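Okay, here's what each chain looks like letter by letter:
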Amino acid sequence: GQNIDQPTEMTATEGAIVQINCTYQTSGFNGLFWYQQHAGEAPTFLSYNVLDGLEEKGRFSSFLSRSKGYSYLLLKELQMKDSASYLCAVLYSSASKIIFGSGTRLSIRP
Amino acid sequence: DVKVTQSSRYLVKRTGEKVFLECVQDMDHENMFWYRQDPGLGLRLIYFSYDVKMKEKGDIPEGYSVSREKKERFSLILESASTNQTSMYLCASSDRGRTEAFFGQGTRLTVV
């Protein structure tokens, strides 16, 4: 299989910074996604990394190290609306197969 | 805007019934996916399709089948529903060139 591991739950404070890590099996790797999912809603796309390094998009940044099979999502200036699950997903080369991790539930406290 | 539409938001079916979950996308995407989402297990891939009439098993295909007769429509079939198939089912589509997957709103299926 293609084990994708991320922490189950995290808690952070409004206005702070939080980093959510994701590790994955590197064989067949083609790219890595981060999705946000609010309770009862469908996942929405946040970022896609295919090359090593940091991609910044407003308050959210995503980092990838292909050799280490590692990524993180960095959320800055946290807002209460950022309380959600964050899903790491990997695109594997076999016919565009996308596999998801179990998700990290992020709770923001005032 | 990409739109992925699932035919039902909520469904209740009896054990042993044949169940059809329909998904339609309007962006001419080649790839379509069916996932189920359960607490603590995340999204697990059931089947995906990369072209009309083409399908590949995901991680948990047992008890399910799929149909892709037209590019825009991808159907998930539960041949004989069982209580352990009670779950949230999510359909997604993506373009072969752009790899971002777009999700439907989900179908919460309860098998009693």
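What comes next is a walk through the structure. (Residues numbered from 1 in each chain as written. Chains lettered and ligands numbered in written order. Predicted model: local features only at pLDDT ≥ 70, side-chain atom pairs only at ≥ 80, totals over all residues. Heavy atoms only, no water.)

A ring pair, where both rings are aromatic, is described by two values, the distance of the centres and the angle of the planes. Per the counting criterion, the structure on display carries 16 aromatic pairs over all chains. Pairing Phe63(A) with Tyr72(A) gives two aromatic rings, centres 4.9 Å apart and planes at 15°, and the pair type is stacked. A relative accessible area of 22% places Phe63(A) in the partly exposed class. Accessibility expressed as a relative area gives 16% for Tyr72(A), which makes it buried. Every member of this aromatic cluster is reached through a ring pair, and the members are Phe33(A), Tyr35(A), Phe45(A), Tyr48(A), Phe100(A), Phe33(B), Tyr35(B), Phe48(B) and Phe103(B). (Phe/Tyr/Trp six-rings, centres within 6.5 Å; stacked < 30°, edge-to-face > 60°. Buried < 20%, exposed > 50% of the residue type's maximum accessible area, 1.4 Å probe, protein only.)

Turning our attention to the sheet that holds strand β3 (residues 19–25) of chain B. Residue and element names in this part refer to chain B. One open sheet holds the four strands; their spatial order is β1-β3-β8-β7, and the pairing between them is antiparallel. Either end of the sheet is taken by a strand with one partner, and the two such strands are β1 (4–6) and β7 (64–70). Here the strands of the sheet are splayed against their neighbours by 20° on average, with no regard to which way each runs. Two elements, β1 and β3, share three bridges in a ladder whose sense is antiparallel. Bridge pairing in β3 links threonine 5 to valine 24. (Pairing = 2+ DSSP bridges. Helix = DSSP H or I, 4+ residues; strand = E, 2+ residues; numbered from the N terminus. Axes fitted to C-alpha atoms, helices over the stretch in contact; angles between N-to-C directions.)

Note on soluble globular proteins: their nonpolar side chains tend to be buried together. Counting 41 residues, the largest nonpolar core has Tyr86(A) and Phe103(B) as the members making the most contacts within it. At eight residues, strand β9 (residues 84–92) of chain A tops the list of elements feeding residues into this core. Sequence-distant contacts of Tyr86(A), defined by excluding residues within four places in its chain, comprise Gln6(A), Ile20(A), Trp34(A), Tyr35(A), Gln36(A), Leu46(A), Phe60(A), Leu73(A), Leu75(A), Gly103(A), Thr104(A) and Leu106(A). If you look at the next biggest cluster of nonpolar residues, it comprises 20 residues, including Val4(B), Val19(B), Trp34(B) and Ile46(B). (Core = buried A, V, L, I, M, F, W, Y, C linked by side-chain atoms within 4.5 Å. Contact = heavy atoms within 4.5 Å.)

In this model, Glu77(A) sits at a positive phi of 45°, which is unusual for a non-glycine residue. With respect to the helices, strands and loops of the structure, Glu77(A) is situated in the loop between β8 (70–75) and β9. Positive phi values are uncommon outside glycine, yet Lys53(B) reaches one of about 65°. In this fold, Lys53(B) is placed in the loop between β5 (42–51) and β6 (54–57).

This part is about the pairing of β9(A). Residues and elements named next belong to chain A. Of all nine residues making up β9, nine are buried, and the element is well covered by its neighbours. Residue alternation in β9 divides its side chains into two sets, Ala84, Tyr86, Cys88, Val90 and Tyr92 and Ser85, Leu87, Ala89 and Leu91, and both sets are buried. Alignment of strand β4 (residues 29–37) against β9, held across eight bridges, turns out to be antiparallel. Of the residues in β9, the one forming a bridge with tyrosine 35 is leucine 87. Sheet analysis places β9 next to strand β11 (residues 104–109), joined by three bridges and oriented antiparallel. Bridge assignment links tyrosine 86 to a residue of β11, and that residue is threonine 104.

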